[in-house]
Amino acid sequence: MHAELGATPARCAKTDGYNYREAKSMISAYHRPTKLAEALALVARASPPTLPLAGGTQLSRSTRGAVEVVDLQGLGLNEILIRGDHLEIGAMTTLEQLHRSTAVPPALQQAAALEVPLNLRNAATVAGTVVCADGKSTVTGVLLALDATLMVATAPSRSAGAGAPSTSGARGNPRTSTAGERRVGLGDFLPLRESISGSLITRLTVPQNPRVEFEYVARTPKSPPIVFVVVATWPSGRVRAVCGGFGDAPLLALDGVGAMGLIPALRNALHDADDYRGSAEYRMAAATVLTQRCADRLGLALRGQETQV
Ligand SMILES: Cc1cc2nc3c(=O)[nH]c(=O)nc-3n(C[C@H](O)[C@H](O)[C@H](O)COP(=O)(O)OP(=O)(O)OC[C@H]3O[C@@H](n4cnc5c(N)ncnc54)[C@H](O)[C@@H]3O)c2cc1C
């Protein structure tokens, strides 16, 4: 994926119509705070435009104007902790840490390995990845299937006003949020990524009770997926299914009780998934097989669904 960065938005925009030869990389000042409050005060400034710097794999590539950056390395946000029945993944956790952690589900480890090659995984962080994610982001796809929640911190002067992200849709989190920190469901965050401009993601929380399976098709085993499917099941019978490999972000196809309609829901989500890497028809056919594989491993019965659309 290529991305352009505007002067102020927190998310990576897409490349369409952007001339990379004319792009100028202009990081005009570098800040490295050691306290979250200092970092928040810096990113909350309306001027000069100031962006959080995580692994820098995207941010250091090119910007359209001068920006100041706030390196988050000194904030200690890079741990993966088990808290009750949730995993807490620090925003600055690298994709390689995620890949190697035995605390995270194997599907998330595998998704981290696929996201970018090793050198980039050592730098790229989980928060930078969800901010920049396009539809090929396998880490974002697995986190979305697991109904992950972001904790978003905002400087006190901004937390009551514009720019405060929505909390709707966020589900149970074992930690009480501190003042100026909000829970945002990943599903709510992805279509409105600009809404966290001036704020910082501090960590992600992921429930540990679902089982999750991930399958993909790609040109080679290490290429970005043309289509992927993630299915998560909860002990309560809840089933969430996500597909990706195209478009702006992975798509939530199903969130319900039981697996009824699972394949039709995924096929519907892929109905318009036509691009230069694959046709919608191909993706729907492949997703049917991938979903069946996930379901088999999860013990979900899908009999007869292949023919329903
Ligand atoms: C060669 C290459 C190929 C790639 N291929 C793909 C691909 O196929 N699909 C895909 O989805 N991605 C792809 N990417 C993007 C890659 O996944 C991201 O570049 C990376 O994960 C960003 O993480 P980072 O920590 O380096 O973020 P940075 O580059 O440091 O930051 C990225 C953005 O996130 C913001 N940000 C970072 N941390 C926080 C935080 N804690 N709170 C708020 N905002 C924050 C930054 O301000 C910036 O806007 C590719 C990148 C490269 C270099």
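Please refer to the structure placed before this passage.
Just so you know, these numbers come straight off a predicted model, no measurement behind them.

### Some words on the overall build of the protein chain
Counting its regular elements, the protein chain contains 10 helices and 12 strands. Taken over 309 residues, the protein chain has a buried fraction of 48%. Sequence separation of at least 24 residues holds for 64% of the intrachain contacts in the protein chain that already meet a minimum separation of 6.

### Some thoughts on the site of the ligand
Taken together, 34 residues form the shell around the ligand, and within it A54, G55, T57, Q58 and G128 come nearest. Mapped onto the shell around the ligand, the elements with two or more residues apiece are β2 (50–53), α5 (126–132) and β8 (199–207). Looking at the shell around the ligand, the element that brings in the most residues is α5, giving 5 residues. The residue makeup of the shell around the ligand, split by class, is 22 nonpolar, 8 polar and 4 charged. Structurally, the shell around the ligand is a two-domain feature, drawing no fewer than three residues from each of domain 1 (20–75) and domain 2 (80–207).

### Quick word on the nonpolar core
Side chains of a nonpolar character, in soluble globular proteins, are inclined to be buried together. Of all hydrophobic cores here, the largest spans 90 residues; its most connected members are V142, V230, A241, C243 and L266. Looking at this core, the element that brings in the most residues is strand β10 (residues 225–233), giving 7 residues. Setting aside anything within four residues of it in sequence, one finds V230 in contact with A107, G141, V142, A145, V212, F214, A241 and V242.

### Topic: the environment of C243
Relative to the helices and strands, C243 resides in strand β11 (residues 238–244). Once the C-alpha coordinates of C243 and V229 are considered, the two residues, 14 residues apart in sequence, prove to be 4.5 Å apart.

### Overview of unusual backbone geometry
In this structure, the amide linkage connecting S47 to the following residue, P48, adopts the cis form with an omega of -5°. Even without glycine at this site, D147 takes up a positive phi of about 60°. Structurally, the position occupied by D147 is in the loop between α6 (138–145) and β6 (149–154). What makes D147 buried here is the crowd of 23 C-beta atoms within 10 Å.

### Structural notes on the sheet that holds β8
In space, the 5 strands of this open sheet follow the order β4-β5-β8-β6-β7, with antiparallel pairing throughout. Looking at the sheet topology across the chains shown, the edges are occupied by β4 (80–83) and β7 (181–185). Across the sheet, the mean angle from the axis of one strand to that of its neighbour is 25°, orientation sign disregarded. Note: strand β5 (residues 86–90) against β8, 5 bridges, orientation antiparallel. Along β8, the bridge assignment pairs H86 with P207.

### Digging into helix α10 (residues 280–298)
In this model, α10 (19 residues) spans 26 Å end to end at C-alpha, consistent with the 27 Å of a helix rising 1.5 Å per residue. Among the residues making up α10, those that are buried are R283, M284, A286, A287, T288, L290, T291, C294 and A295.

### Let's talk about the sheet that holds strand β9 (residues 211–218)
If you walk across this open sheet you meet the 4 strands as β9-β10-β11-β12, and the pairing is antiparallel. One side of each edge strand has no neighbouring strand; the edge strands of this open sheet are β9 and β12 (251–257). Pairs of neighbouring strands in the sheet enclose a mean axial angle of 10°, with direction left out of account. The sheet strands contacting helix α3 (residues 106–115) are β9 and β10, and the helix crosses β9 at an angle near 30°. Packed onto the sheet, α10 meets β9, β10 and β11 and runs at close to 30° relative to β10.

### Quick look at α3
Since the α-helix turns once every 3.6 residues, residues separated by three or four places project in the same direction. For α3, the complete set of buried residues consists of A107, L108, A111, A112, L114 and E115. The arc that holds the buried residues of α3, viewed along the axis, is 165°, so those residues lie on one side. Looking at the packing, one finds that the buried side of α3 touches α2 (95–100), α4 (118–121), α5, α6, β9 and β10.

### Some remarks on the pairing of β9
In this structure, β9 lies alongside β10, joined through 8 bridges in antiparallel fashion. Residue pairing in the sheet places A218 in a bridge with P225 of β10. What sits between β9 and β10 in their antiparallel hairpin is a turn of 6 residues.

### Quick notes on the pairing of strand β3 (residues 67–71)
The side chains of a regular strand alternate between the sheet's two faces. Two strands pair when backbone bridges link them, and strand β1 (residues 27–31) and β3 are joined in this way by 4 bridges, in the parallel orientation. Along β3, the bridge assignment pairs Y30 with V69. Pairing between β2 and β3: 4 bridges, direction parallel. Among the inter-strand pairings, P52 is bridged to a residue of β3, identified as V70.

### Side note on the packing of helix α9 (residues 262–269) against α10
α10 packs onto α9 with a crossing angle of 145° between their chain directions and a minimal axis gap of 9 Å. Judged by the twist between their axes, the crossing of α9 over α10 is right-handed. Each of L262, I263, L266 and R267 in α9 lies in contact with α10, whose residues at this interface are M284, A287, T288, T291 and A295. Here the contact of α9 with α10 is composed, by residue class, of 6 nonpolar, 2 polar and 1 charged.

Conventions adopted
Residues numbered from 1 in each chain as written. Predicted model: local features only at pLDDT ≥ 70, side-chain atom pairs only at ≥ 80, totals over all residues. Helix = DSSP H or I, 4+ residues; strand = E, 2+ residues; numbered from the N terminus. Buried ≥ 20, exposed ≤ 12 C-beta atoms within 10 Å, placed from the backbone. Contact = placed C-beta atoms within 7 Å. Near = placed C-beta within 6 Å. Nonpolar A, V, L, I, M, F, W, Y, C, P; charged D, E, K, R; others polar. Domains from an automatic or database assignment. Core = buried A, V, L, I, M, F, W, Y, C linked by C-beta atoms within 7 Å. Pairing = 2+ DSSP bridges. Axes fitted to C-alpha atoms, helices over the stretch in contact; angles between N-to-C directions. Expected span 1.5 Å × (residues − 1). Arc of directions from axis to C-beta. Left-handed = near helix turned anticlockwise from the far one by under 90°.

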